[in-house]
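Structural description and commentary
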Amino acid sequence: MSGLLPITPVRAGLDLDYGLMSFLDFGGPGRPLLALHGHLDQGKTWTDLARELAPEWRVIAPDQRGHGESDRATDYSREAYIADIIALLDVLGLSQVVVLGHSMNTAYKFAARYPDRVSALINVDAPVLGGTGGGPSALSFVLDWPYEASTRDALLEGLGPVGPIFADVLCELPDGTWRLPFHPQDMVTSEELGHGDHWADWLASDCPALLVAGTHSQALPSEQAHAMVERRPNTRLVALNTDHFVHTADPAGFANAVREFLRTLGPSH
């Protein structure tokens, strides 16, 4: 991605009822875009996108509760995540944003609850049906991972084959020990709380929407993606030849899809 603006995000924190929520603000004069990561991830995952969209768009990317540099919480309901979003937007003085969300259904649930705060919605491979079969969490495999270890090398060794995936995001604690940027049990709890039929929330808002889906997604079947676009007015679909992690598997294609959608939006209020 040569030619991108050399922007550096500012990291700040917000004290909420569960503790600290850390967030990245990529700044600039552009219109605000709130970018929400999925499970096992954090706000810095949107760095390349922020650079692609600058200076027309100012990307704000929180580490959602229990992720990255934000504190762990006891409540991982979508209502709790949405309350965090409202608190962040209010502190930043943002009355309305474009909201983008990967995997978790928080973004479109936020649009459903607070349509006056959302001018447009970008859904990145987040389904409306999940875990309805009553089986174990799709993230149950992470329960075998160590959360922390005495050294970075020990933690990487404990993670085994997935160690290289998280090598650059491990967190060093003040006492010299190391941990994952999320607790495995928290991720399973949060994922299970997203199970169910969420068609009503997907259809509750009518702002312009983009669904970016992976044609080989493990989370969003193609049939469901097409149905989501057909049933929700003012919604377009871009399907990329990727798995569920669309924005990392095809960053250029993803950024182009988002940029083209944003260009169709009218002026901000």
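The structure we're discussing is the one just above.
Concerning the environment of glycine 19
Looking at the secondary structure, you find glycine 19 in strand E2 (residues 19-25). The exposure class of glycine 19 is buried, given its relative accessible area of 18%. For glycine 19 and glycine 30, which are eleven residues apart along the polypeptide, the C-alpha to C-alpha distance reads 30 Å. Beyond its immediate stretch of four places on either side in the chain, glycine 19 contacts Leu14 and Asp71.

Some points on the side chain of histidine 67
Here histidine 67 shows up in the loop between strand E4 (57-62) and helix H2 (78-92). In terms of polar contacts, histidine 67 uses its side chain to reach the backbone carbonyl oxygen of arginine 65, at 2.9 Å. Setting aside residues no more than four positions away along its own chain, histidine 67 makes contact with His37, Gly38, His39, Leu40, Asp41, Tyr81, Pro181 and Met187.

Some thoughts on the nonpolar core
Ranked by size, the top nonpolar core spans 38 residues in total, and within it Leu34, Val99, Phe110 and Leu121 carry the most contacts. No other element matches H2, which puts six residues into this core. Excluding anything up to four places from it in sequence, valine 99 contacts Leu34, Leu36, Ala107, Phe110, Val118, Ala120, Leu121 and Ile122.

Things to note about the pairing of E4
Most of E4 sits inside the fold, with six of its six residues counted as buried. Burial along E4 is two-sided: Trp57, Val59 and Ala61 facing one way and Arg58, Ile60 and Pro62 facing the other are all buried. When E2 meets E4, the two strands line up antiparallel, connected through three bridges. By the bridge assignment, phenylalanine 23 is partnered in E4 with proline 62. Note that strand E3 (residues 31-36) and E4 share four bridges and pair parallel. Each residue of the ladder has a partner; that of proline 32, found in E4, is arginine 58. In this fold, the crossover linking E3 to E4 by way of helix H1 (residues 47-53) has right-handed handedness.

What about the environment of leucine 129?
Residue position: leucine 129 is located in strand E7 (residues 129-130). In this structure leucine 129 comes out as partly exposed when scored by relative accessible area, which is 33%. Considered as a pair, leucine 129 and glycine 196 are 67 residues apart in the sequence and their alpha carbons are 5.8 Å apart. Ignoring anything within four residues of it in the chain, the contact list for leucine 129 reads Gly196, Asp197, Trp199 and Gln224.

Rules used throughout
- Note on numbering: residues in each chain are counted from 1, in written sequence order.
- Only residues with pLDDT of 70 or above have their local features reported here, since the model is predicted, and side-chain atom pairs are shown and tallied only from 80 upward, although totals for entire chains, interfaces and linings are computed over all residues.
- Only hydrogens and water are set aside when side-chain values are computed; all heavy atoms of the structure are taken into account.
- Every helix listed is a DSSP run of H or I at least four residues long, and every strand listed is a run of E at least two residues long, numbered separately from the N terminus.
- Accessibility here uses a 1.4 Å probe with only protein chains present; expressed as a share of the type maximum, an area under 20% marks a residue as buried, one over 50% as exposed, and anything in between as partly exposed.
- Contacts are assigned to residue pairs that have any heavy atoms within 4.5 Å of one another.
- What qualifies as a polar contact is a pair of N or O atoms within 3.5 Å, subject to a donor-acceptor requirement within protein and to the restriction that residues adjacent in sequence count only when both atoms come from side chains.
- Joining through side-chain atoms within 4.5 Å is the link that ties buried Ala, Val, Leu, Ile, Met, Phe, Trp, Tyr and Cys residues into a set, and such a set is a nonpolar core.
- Two strands qualify as a pair provided that DSSP identifies no fewer than 2 bridges between them.
- Looking down the strands as they point away from the viewer, one classifies a crossover as right-handed if the path from the first strand across the helix to the second runs clockwise.

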